[in-house]
Amino acid sequence: MPRLTMKAALAVTFLFSAMTTAVNSAEIVSFPKKDWSWQGVFGTHDRSQLQRGLQAYRSVCAACHGLKFIAFRDLMDLGYSAAEIKAFAKTIEVTNEEPNDEGEIFKRPARAADYFPDPFPNKQAARAANNGAYPPDLSLVVESRVGGADYLHALLTGYTDPPKGLKLGDGMYYNKAYPGHQIAMPAPIMDGSVEYADGTKPTVNQIATDVTAFLAWASEPNMEARKSMGIKVMLFLFAFLFVLIALKRRTWSNVH
Ligand code: HEC
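Everything numeric in this text was worked out from a predicted model, so none of it was measured. (Residues numbered from 1 in each chain as written. Predicted model: local features only at pLDDT ≥ 70, side-chain atom pairs only at ≥ 80, totals over all residues. Heavy atoms only, no water.)

### Remarks on the coordination of the iron atom of the ligand
Next up, step 1: Only His65 (NE2) and Met185 (SD) from the protein coordinate the iron atom of the ligand, and they sit 2.0 Å from it.
Next up, step 2: Angles of 85 to 178° at the metal separate the 6 donor atoms of the iron atom of the ligand, which places the site in the octahedral class. Linking His65 in the loop between α2 (47-59) and α3 (82-90) with Met185 in the loop between β4 (182-183) and α7 (204-219), this pair joins segments that are 120 residues apart in sequence. (Donors = N, O, S within 2.8 Å, 3.2 Å for Na, K, Ca; no water. Tetrahedral: all angles 85-135°; square planar, octahedral: opposite > 155°, others 65-115°. Helix = DSSP H or I, 4+ residues; strand = E, 2+ residues; numbered from the N terminus.)

### Some points on the nonpolar core
Next up, step 1: Tyr57, Leu67, Phe72, Leu75, Phe116, Phe214 and Trp217 are the most contacted members of the largest nonpolar core, which totals 43 residues.
Next up, step 2: Going through the elements one at a time, α2, α3, α5 (141-144), α6 (148-156) and α7 are the ones with two or more residues in this core.
Next up, step 3: It is α7 that provides the largest number of residues to this core, a total of 9 residues.
Next up, step 4: Once you skip the residues sitting within four places of it in the chain, Phe116 turns out to touch Leu54, Tyr57, Arg58, Leu67, Lys68, Ile70, Phe72, Leu75 and Phe88. (Core = buried A, V, L, I, M, F, W, Y, C linked by side-chain atoms within 4.5 Å. Buried < 20%, exposed > 50% of the residue type's maximum accessible area, 1.4 Å probe, protein only. Contact = heavy atoms within 4.5 Å.)

### Examining the site of the ligand
Next up, step 1: Surveying the vicinity of the ligand reveals 23 residues, the closest of which are Cys61, Cys64, His65, Tyr151 and Met185.
Next up, step 2: A distance of 2.9 Å is found between an oxygen atom of the ligand and a side-chain nitrogen or oxygen belonging to Arg145.
Next up, step 3: Contact between the ligand and Tyr151: an oxygen atom at 2.5 Å from a side-chain N or O atom of the residue.
Next up, step 4: At a threshold of 2 Å from the grid points, most atoms of the ligand map onto the largest pocket.
Next up, step 5: A total of 4 residues in the shell around the ligand trace back to one element, the largest contributor, which is α6.
Next up, step 6: Here the residues of the shell around the ligand sort into 20 nonpolar, 2 polar and 1 charged. (Near = heavy atom within 4 Å. Polar contact = N/O pair within 3.5 Å; in protein donor to acceptor, adjacent residues only side chain to side chain. 1 Å grid on protein atoms, 1.4 Å probe; cavity = no way out; pocket = protein on both sides within 12 Å on 5 of 7 lines; lining within 4 Å. Sits in = over half its atoms within 2 Å of the grid points. Nonpolar A, V, L, I, M, F, W, Y, C, P; charged D, E, K, R; others polar.)

### Points about the layout of surface pockets
Over the atoms rolls a probe the size of a water molecule, and in doing so it shows where empty space is left.
Next up, step 1: Considered as a void within the structure, the largest pocket measures approximately 620 Å³ in volume.
Next up, step 2: What lines the largest pocket is a set of 30 residues, among which His65, Pro135, Pro136, Ile183 and Met185 lie closest to the centre.
Next up, step 3: At the level of elements, α5, α6 and α7 are the ones that each hand at least two residues to the lining of the largest pocket.
Next up, step 4: Sorting elements by how many residues they give to the lining of the largest pocket places α6 first, with 5 residues.
Next up, step 5: For the lining of the largest pocket, the class distribution of residues is 26 nonpolar, 3 polar and 1 charged.
Next up, step 6: Here the second largest pocket is characterised by a volume of approximately 460 Å³.
Next up, step 7: What lines the second largest pocket is a set of 18 residues, and nearest its centre among them are Glu93, Val94, Thr95, Pro117 and Asp118.
Next up, step 8: Residue contributions to the lining of the second largest pocket peak at 3 residues, all from strand β1 (residues 93-95). (Points joined across faces, edges and corners; volume = space filled by probe spheres on them.)

### Things to note about the packing of α2 against α7
The angle between the axes and the distance between the axes are what describe a pair of packed helices.
Next up, step 1: Remark: α2 packs on α7, axes separated minimally by 7 Å, with the N-to-C direction vectors making an angle of 100°. Overall, the two elements α2 and α7 adopt an arrangement that is roughly perpendicular. Counting all contacts with α2, which are made through Gln49, Leu50, Arg52, Gly53, Leu54, Ala56 and Tyr57, the residues of α7 involved are Gln206, Ile207, Thr209, Asp210, Val211, Ala213, Phe214 and Trp217.
Next up, step 2: Residue composition of the contact of α2 with α7, by class: 9 nonpolar, 4 polar and 2 charged. (Axes fitted to C-alpha atoms, helices over the stretch in contact; angles between N-to-C directions. Parallel < 35°, antiparallel > 145°, perpendicular 65-115°, else oblique.)

### Re the confidence of the model for the protein chain
Next up, step 1: For the protein chain, per-residue confidence averages 91 on the pLDDT scale, and 89% of positions sit at 70 or higher.
Next up, step 2: Note that residues 21-25 has pLDDT below 50 and, in this model, 0 contacts with residues that lie over four places away or in other chains. (pLDDT = per-residue confidence, 0-100.)

### Things to note about α6
Next up, step 1: Most of α6 is tucked away, with 9 of its 9 residues classed as buried.
Next up, step 2: Turning to α6, its buried residues number three or more, namely Gly148, Ala149, Asp150, Tyr151, Leu152, His153, Ala154, Leu155 and Leu156.
Next up, step 3: At its buried positions, α6 is contacted by α5, β4 and α7.

Written out as structure tokens, the structure reads:
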């Protein structure tokens, strides 16, 4: 029996030390917290910011990153009309799922029900165009990264010269916010990268903020519906509590 206990103790020690090494080797990068309009119980998205973010995604990020879980018709949420969405979708080419009568797969202008297309036909082509690195789909990126929107904003504004003496890998760029600090994505945003339809000044910070808001919306397009349902449920429960109290009083009113 003592042998077994010994073995168990050893196993626990081993596991524990493995865990602490794992934590130590993953460098923790901190980044500033920003006030985002959609945070908190009553937080909602700012429609004009989302529209600017969509514009930034299309003019900059869409060259390398897909947004496969968002259909054009979902953009109704950003305040566009059905006609505006139809016209916007038409400007983007997608691959038809079914082949034509000659058996060829063909491209056509998108319809409202189509999803944002991938910029590359497959992963290999995406890697080949990006120095071996794969630009991930951005649909869920805000939800899936530690730090969420704060991280994404810090990443997009985090490009600097590397510290003296650090040799960057081939085709790698220095970024303060990226874990490990070497990223294969070149700084995507410059001042003036986007020409905003609403006349907002397109600084790096402005574009990074807008595109982050847009991608946060894309990560959870029904957040506002979820929140308003939550508030309704709370109000209902509150009202129901009074009904129960009144009922209790009435039931017991004859008991002396
Ligand atoms: C020229 C192509 C290119 C453009 C344009 C581009 N990216 Fe990237 N992006 C990449 C590549 C390549 C990677 C993978 C980097 C790596 O693995 O080192 C990447 C990675 C990312 C990541 C993942 C970072 C992580 O934590 O893993 C995010 C988020 C991202 N890009 C957002 C954006 C946004 C937002 C834009 C538009 C403002 C944009 N990218 C524009 C090529 C691009």
